[in-house]
Every structure is written in structure tokens, then in C-alpha cells.
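The primary structure of each chain is shown beneath.
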Amino acid sequence: MNELSLIAAIRKWSTPKTAAPGVVKGIGDDCAIIRPRANEDLLFTTDFVIEDVHFTRATQTGIDTGWKALARGLSDIAAMGGDARYALVSLALAPWCCHNYVRDLYQGFNKLAGLHCVQIIGGDVSKTEKLSIDVIVIGSTPRGKALRRDGAKPGDVIYVSGALGRAAAKGYKDRPIPRLELGRKLRGKATSCMDLSDGLAMDLHRLAVESGVAAELDGPLPSAPKATLEHALFGGEDYELLCTLPPGRRAPRELTRVGLIVEGKPGRVTLAGESLQPRGWDPLA
Ligand SMILES: Nc1ncnc2c1ncn2[C@@H]1O[C@H](COP(=O)(O)OP(=O)(O)OP(=O)(O)O)[C@@H](O)[C@H]1O
Ligand SMILES: Cc1ncc(C[n+]2csc(CCOP(=O)(O)O)c2C)c(N)n1
Ligand SMILES: [Mg+2]
């Protein structure tokens, strides 16, 4: 395997049947060229997936690792109420990564990219000791309509999508489903929104800090099969949406009410009246 032959293969694996709208030039030049539409805001996000930090080689296939690496960025776009459009994929390959493994990674990227009309428009390859994948995703929203973390107001109702603790209960070996459709439905409805990557306790704290409010969790939490309360609150990697809606506003059926935004020390979170520490997954701990 050398750089030229691998990039030629990647180019073949990444070429869609029809180019995504706005792509003037995809893989093959120093930069990709994108022509933005009028009246849209662009969204940019980047996330790593690193061997033995986010997955272990022995327990996860290349296809699942590729899926998850792209899903993390798509989930960020979902949290902003956006459409995911393009991705850049940088691979630092470990000595054990053979041609067929890289092909499997692209199968994983492509399975998920195909579901959401996302085109891989570039990237980089290099080598290192442990496989590291960085995926940049670019998305868009109608101008001024992106959902943000900083708009929650006292009196708003807190909701989460899906079931919490799913990834932790499965040993972090599942394929997360980015909630892009739900995110778009929440545009113009939710006062704040973010995706749950580090666990509800930590991520609700972050949303409350950005919004300058406190949060009270009161309702029963929607938990995944076999998930403990510890998994649901602190497990992380659920990639569900956490959002707030003004009182009285009807919530889409994918959402479950879990609490209320209140006035108080910014970032303080309580569960059934008890203070909840902002503990969860911390990559640097
Ligand atoms: N190295 C960095 N340089 C510049 N900005 C960064 C860097 N790392 C993180 N950020 C920014 O800090 C903010 C919070 O990032 P963080 O990664 O904690 O959130 P997140 O992406 O929602 O969570 P997660 O990565 O756990 O899914 C984002 O705006 C992110 O772009
Ligand atoms: C081998 C292995 N050990 C632990 C975990 C759990 N884990 C890793 S990163 C993360 C949060 C999101 O990451 P980030 O904060 O980098 O966005 C979680 C919950 C895993 N997936 N694989
Ligand atoms: Mg991040």
C-alpha cells in the first residue's frame, strides 16, 4: 500500500453516482471547491475517532468504525437543525491497517453518507501508532435558523430524544443514528439544542452554562434496555438530542420530557432535587 494507490482507491470509493449540489470540485485538487447558496448559513464541525480511546480494534469492525466516525459529525449538524452536506476525512493509519481495512472504513462512511446525501470531498492520509480518524462535516441551515445551546430560558421544558445509556449498556459497540430529521423539525421550535456525546449530566450542564440558566431533571429518564441510571446519566455516546421548548409548545413525538429550565446558578443541574455533578466522559481525564 502506498499513498498514491491508496488515495486513488479512496477517490474511487468516495465518488458518488451524482455529485452533491454545490460541489464545484471534490477530491483531486489542493482544496475542494464549494459554491454556497444564497440565504444559507454554513455549519462546520470536526471530531476524532482514535483507536483505544473511541473504539478497540478487537471488538469493532472497520465498517462500524467508519460509520461511527461520520455519525459523530452528523449528530453535531443534527443538533444545530442542519442538513449535512459534505465531509473531509483524515486518516492517520496504524501499522496494522491494511488496504482491506481502509476499504471497510469507507464502506462504513458510505453507508451512512448515502442515507443523508453527504459527499466526501477530501481528506488526508498519513501514519501513526494508533489509528486516528478525523472527520470534518459541513452542513447548512436556512439563514439565521440554526439551533444553538445558548437560548434556553427559565420556564422552558427540557426534552431528550430516544433512549439514554444505550451505547454504554452495549459497551460502546453500536452504530449511532444521527437525529438529522428531528433536528430539522426543531428549527423554529426549540429554544436550545445540543447532541448528547458525553452523557446527560455533563451535556445538560454545558447547555445550562451557555444559556446562563439552571436545570431541574424531574421526570423518569427514558432509558435503553439494560441501561442503568449510571449509564443514562454519565455513559455518553448516545448521540440523541437534548433540547428545550417554551412552555405549552407541542413537542415532536420522538421527544420525552425530562425536566425544566429554572433561574439559578448558571450550569447547576439537579436530579429529583439533589445536585448532579457535571461528571461524564472526559477525554483528558
Ligand atoms: N482544538 C480546538 N480548537 C478550537 N476549538 C475547539 C478545539 N477543541 C474544541 N473546540 C471547540 O470548543 C467547543 C466545544 O467543543 P467540544 O468538543 O467540547 O464539544 P462537542 O463537539 O459538542 O462535544 P464532543 O466532542 O464530546 O462531541 C466547540 O465549539 C469546538 O469547536
Ligand atoms: C475503548 C473505548 N473506551 C471508552 C469508550 C467510551 N467513550 C469514548 S469517547 C466517549 C465520549 C465522546 O467522545 P468525545 O468527548 O471525544 O467526543 C465515550 C463515552 C469507547 N467508545 N471506547
Ligand atoms: Mg467535539
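Residues numbered from 1 in each chain as written. Chains lettered and ligands numbered in written order. Predicted model: local features only at pLDDT ≥ 70, side-chain atom pairs only at ≥ 80, totals over all residues.

Per an unreviewed UniProt entry, the protein goes by the name Thiamine-monophosphate kinase and belongs to Paludibaculum fermentans. Turning to the protein, the UniProt annotation filed under Pathway (unreviewed entry) states: "Cofactor biosynthesis; thiamine diphosphate biosynthesis; thiamine diphosphate from thiamine phosphate: step 1/1." Heading Sequence similarities (unreviewed entry) of the UniProt record for the protein holds this comment: "Belongs to the thiamine-monophosphate kinase family." (UniProt positions renumbered as here; feature names shortened; annotations may be inferred.)

Novice: Hey, could you run me through the site of ligand 2 in this one?
Specialist: The local shell around ligand 2 holds 13 residues, among which Tyr-172, Gly-236, Glu-237, Trp-281 and Pro-283 are the closest. A per-class count over the shell around ligand 2 returns 5 nonpolar, 4 polar and 4 charged. Both of domain 1 (3-142) and domain 2 (157-274) provide at least three residues apiece to the shell around ligand 2. (Near = placed C-beta within 6 Å. Nonpolar A, V, L, I, M, F, W, Y, C, P; charged D, E, K, R; others polar. Domains from an automatic or database assignment.)

Novice: Which parts of the structure should I look at to understand the site of ligand 1?
Specialist: With respect to spatial proximity, the complete set of residues near ligand 1 consists of Asp-47, Asp-76, Ser-197 and Asp-198. Considering only residue class, the shell around ligand 1 consists of no nonpolar, 1 polar and 3 charged.

Novice: Sorry if this is basic, but what is going on with the pairing of strand E9 (residues 214-217) here?
Specialist: For a regular strand, side chains alternate in direction, first toward one face of the sheet and then toward the other. Of the strand pairs in this sheet, E9 and strand E11 (residues 255-262) are connected by 4 bridges, and their pairing is antiparallel. For Glu-216, the partnering residue across the bridge sits in E11 and is Leu-260. Bridge count for E9 against strand E12 (residues 269-271) is 3 bridges, and the pairing is parallel. Across the sheet, the residue bridging to Leu-217 is Leu-271, located in E12. (Pairing = 2+ DSSP bridges. Helix = DSSP H or I, 4+ residues; strand = E, 2+ residues; numbered from the N terminus.)

Novice: Is there a simple way to explain the packing of helix H1 (residues 3-14) against helix H3 (residues 99-116) in this structure?
Specialist: Following both chains from N to C, one finds H1 and H3 inclined at 25 degrees, their axes separated by 10 Å at the closest point. Classified by the angle between their axes, H1 and H3 sit roughly parallel to one another. Between H1 and H3 lies a crossing whose hand is right-handed. Across the interface between the two elements, Leu-6, Ile-10, Trp-13 and Ser-14 from H1 touch Val-102, Arg-103, Tyr-106 and Asn-110 from H3. Its residues placed into classes, the contact of H1 with H3 shows 5 nonpolar, 2 polar and 1 charged. (Axes fitted to C-alpha atoms, helices over the stretch in contact; angles between N-to-C directions. Parallel < 35°, antiparallel > 145°, perpendicular 65-115°, else oblique. Left-handed = near helix turned anticlockwise from the far one by under 90°. Contact = placed C-beta atoms within 7 Å.)

Novice: What is the right way to look at the packing of helix H2 (residues 62-79) against H3 in this model?
Specialist: In a pair of packed helices, the angle between the axes and the distance between the axes together describe the arrangement. Closest axis-to-axis distance for the H2/H3 pair is 6 Å, and the angle between their directions is 40 degrees. When the interaxial angle is binned, H2 and H3 end up oblique. Seen along the crossing, H2 lies across H3 with a hand that is right-handed. Between H2 and H3, the contacting residues are Gly-62, Ile-63, Asp-64, Thr-65, Gly-66, Trp-67, Leu-70, Ala-71 and Leu-74 on the first element and Tyr-101, Asp-104, Leu-105, Tyr-106, Gln-107, Gly-108, Phe-109, Lys-111, Leu-112, Ala-113 and His-116 on the second. Taken together, the residues of the contact of H2 with H3 break down into 11 nonpolar, 6 polar and 3 charged.

Novice: Any chance you could explain the sheet that holds strand E4 (residues 83-93) here in plain terms?
Specialist: Sheets are built from strands paired through backbone hydrogen bonds, the pairs being either parallel or antiparallel. Read from one edge to the other, the open sheet built from 4 strands follows the order E3-E6-E4-E5, with strand pairing classed as mixed. Among the strands making up the open sheet, the edge pair consists of strand E3 (40-50) and strand E5 (119-127). Pairwise comparison of adjacent strand axes, ignoring direction, gives a mean angle of 15 degrees for this sheet. Where E4 lies against E5, 8 bridges are found, and the strand directions are parallel. The residue of E5 that forms the bridge with Ala-92 is Ser-126.

Novice: What is the right way to read the nonpolar core from this model?
Specialist: It is characteristic of soluble globular proteins that their nonpolar side chains tend to be buried jointly. Leu-70, Leu-74, Ala-87, Leu-200, Ala-215 and Leu-242 are the most contacted members of the largest nonpolar core, which totals 77 residues. Residue contributions to this core peak at 8 residues, all from H2. Aside from chain neighbours lying at most four places away, what touches Ala-215 is Ile-158, Leu-204, Ala-208, Gly-259, Ile-261 and Val-269. (Core = buried A, V, L, I, M, F, W, Y, C linked by C-beta atoms within 7 Å. Buried ≥ 20, exposed ≤ 12 C-beta atoms within 10 Å, placed from the backbone.)

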